[in-house]
Amino acid sequence: MKKTYFPLIFILYMLWAIASNIIHPITTDYVHSLALPTSYFGFFFSLMSLGQVVGAIFWGYLSDKIGRKLLLCIGTIGYGVFQLCFGFINQWPILILLFRILGGFFASAPVTLFITFAIDNLSLDKRVKGLSFLISFKFLGESLGYYLGGALYSYFQMSFQQVFIFQASLCLFTAIASYIFLGKEKKEKVNNTNKLSSLKNINQLGLINTVFLISVLLIAMGQININKYFDVYFIDLGYNAGQLGLYCFLTGIIGCLGNLLLVPLFKNENKIKIEFVLPLFILMQITTTLITFNSPTSLFIPFICSFHLLYTICKVSTLSLQQAYISKVSKKENHGLIIGVMQSILSLGNVLAPLIGSAIYKSKEVLIFNIAALLLGGGFIILIIIFIIKSKKKQIN
């Protein structure tokens, strides 16, 4: 793909983020409409993430071999189809389970391949800045999706099924636009005598990078429990889906702006610098989470407009730096696979975290947020260890 198409990746990724997040502000109400307990909210999310664990590596590896654009479009349309199934065929639990897993499997294609497209078009010295822009557009899209979904349901009085139809239509539009505007990919010669060679590159990540992925897993588990059970907690306090969507929209906008201002400061791609900043961002997330959710509920709105807002800025910047760090390990011929591994780790966190949350969360209780802070603390400790090891190696060299 030519670099002239690079800005379109931002816009198309934002469209995908809008489409994939429209349902989120109404999911709690939808689960309740099925006469299921709140614990199923986390269960359904875990099932989707389980499909992403497998799908991210599958789509990433396959895209290294046959190209990315067609697979990205197939995944986007497939996700929309199985979201429709989730919204309309909900009488049989076994089918709901299957639709969630398959929806996650197909969703992992655009999630993985939009990032891979960006990395394909970024030189190493511009990767941090470029990925920070990409992640900012992603979170902007997620914020717009939350706002749009909440507004369609609460203010325009759409039914659950009508919102699912709207989502599927937007997925189809995103797939068509991606196929038209992403341009032609350059055909890379592949050594057919060793088709599994890129898979072997996973073993070349090294101990430090493997430990880094463990920190990514712990941080993802903490963040996802905060993000998903924030939605439930918000509704349990008496607010509606429209208000939730509006709040997520506003915080998303500010988080994106913060990310665009902060992350480019580390555009020199110095690993030690990234490893120094990442723990600071995680420490800020731990602190703001503990303050926000352990304060009196009467102060909830003022605190989420201050401390939780700071958490959001740090969360967005964290993902940008994580993607930039791990992308350095990849080469042109295996960008898809390595980013697929990263996305699988994130998805694994999305599987494990809601399972923990569904077992722990009770209406208006904050224990889940304190446990999430502990998980972030585990990732923080690992990052500090990595920073110390890298610093000592630099001194020796």
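Reading guide: rules and limits
- In this convention, every chain numbers its residues from 1, walking through the sequence in written order.
- Local features in a predicted model are, by the rule used here, given only for residues with pLDDT of at least 70; side-chain atom pairs are given and counted only at 80 or more, and totals for whole chains, interfaces and linings are based on all residues.
- Hydrogens and waters are ignored; side-chain quantities use all the structure's heavy atoms.
- Helix numbers and strand numbers start at the N terminus; a helix is a DSSP run of H or I with at least 4 residues, a strand a run of E with at least 2.
- Note on classification: 1.4 Å probe, protein chains only; a residue is buried when its accessible area is under 20% of the maximum for its type, exposed when over 50%, partly exposed between these limits.
- Every residue pair with non-hydrogen atoms within 4.5 Å of one another is taken to be in contact.
- Under the convention used throughout, the expected extent of a helix is 1.5 Å for every residue step, that is, one less than its residue count.
- Should a side-chain nitrogen of Lys or Arg be within 4 Å of a carboxyl oxygen of Asp or Glu, the pair is scored as a salt bridge.
- The seven residues ending at a residue and the seven starting there each receive a fitted axis; the angle between those axes is the bend at that residue.

**Side note on the side chain of Gln52**
Part 1: Mapped onto the secondary structure, Gln52 falls in helix H3 (residues 39–66).
Part 2: A relative accessible area of 11% means that Gln52 is categorised as buried.
Part 3: Beyond its immediate stretch of four places on either side in the chain, Gln52 contacts Gly104, Phe105, Ala107, Ser108, Ser344, Ser347 and Asn350.

**So, the side chain of Thr112**
Part 1: Tracing the backbone through its elements, the reader meets Thr112 in helix H5 (residues 93–120).
Part 2: Judged by relative accessible area, Thr112 falls into the buried class, the value being 0%.
Part 3: Not counting residues within four places of it along the chain, the set of residues in contact with Thr112 comprises Ala56, Gly60, Gly336, Ile339, Gly340 and Gln343.

**Regarding helix H6 (residues 127–154)**
Part 1: Under the 1.5 Å per step criterion, the end-to-end length of H6 is 40 Å for 28 residues, consistent within 8% with the ideal 40 Å.
Part 2: In terms of residue burial, H6 counts as a mostly covered element, since 20 of its 28 residues are buried.

**Here's the deal with unusual backbone geometry**
Part 1: The phi dihedral of Gln157 falls on the positive side, at around 60°, and the residue is not glycine.
Part 2: Considering the arrangement of structural elements, one finds Gln157 in the loop between H6 and helix H7 (160–181).
Part 3: With relative accessibility at 60%, the residue Gln157 sits in the exposed group.

**A short note on the pattern of salt bridges**
Part 1: As enumerated under the stated definition, the model contains three salt bridges in all.
Part 2: A salt bridge links Arg68 to Asp64; the nearest nitrogen and oxygen atoms lie 3.0 Å apart.
Part 3: Accessibility expressed as a relative area gives 14% for Asp64, which makes it buried.

**Observations concerning helix H9 (residues 206–236)**
Part 1: Compared with the 45 Å implied by 1.5 Å per residue over 31 residues, the 45 Å span of H9 between its first and last C-alpha is a close match.
Part 2: If you look at H9, its biggest bend is around 30°, right at Phe230.
Part 3: Counting buried residues along H9, 24 of its 31 residues qualify, which places the element largely inside the surrounding structure.
Part 4: Positive phi appears at Gly238, one or two residues downstream of H9, with a value of about 105°.

**Topic: the environment of Leu319**
Part 1: Note on placement: Leu319 falls in helix H13 (residues 307–327).
Part 2: Residue classification places Leu319 among the buried residues on the basis of a relative accessible area of 13%.
Part 3: Residues Leu319 and Ala220, spaced 99 residues apart in sequence, show a C-alpha to C-alpha distance of 9.4 Å.
Part 4: In this view, Leu319 contacts Ile135, Lys138, Phe139 and Leu346; residues no more than four positions away in its chain are not counted.

Spatial relationships are all this shows, so hold off on functional conclusions.
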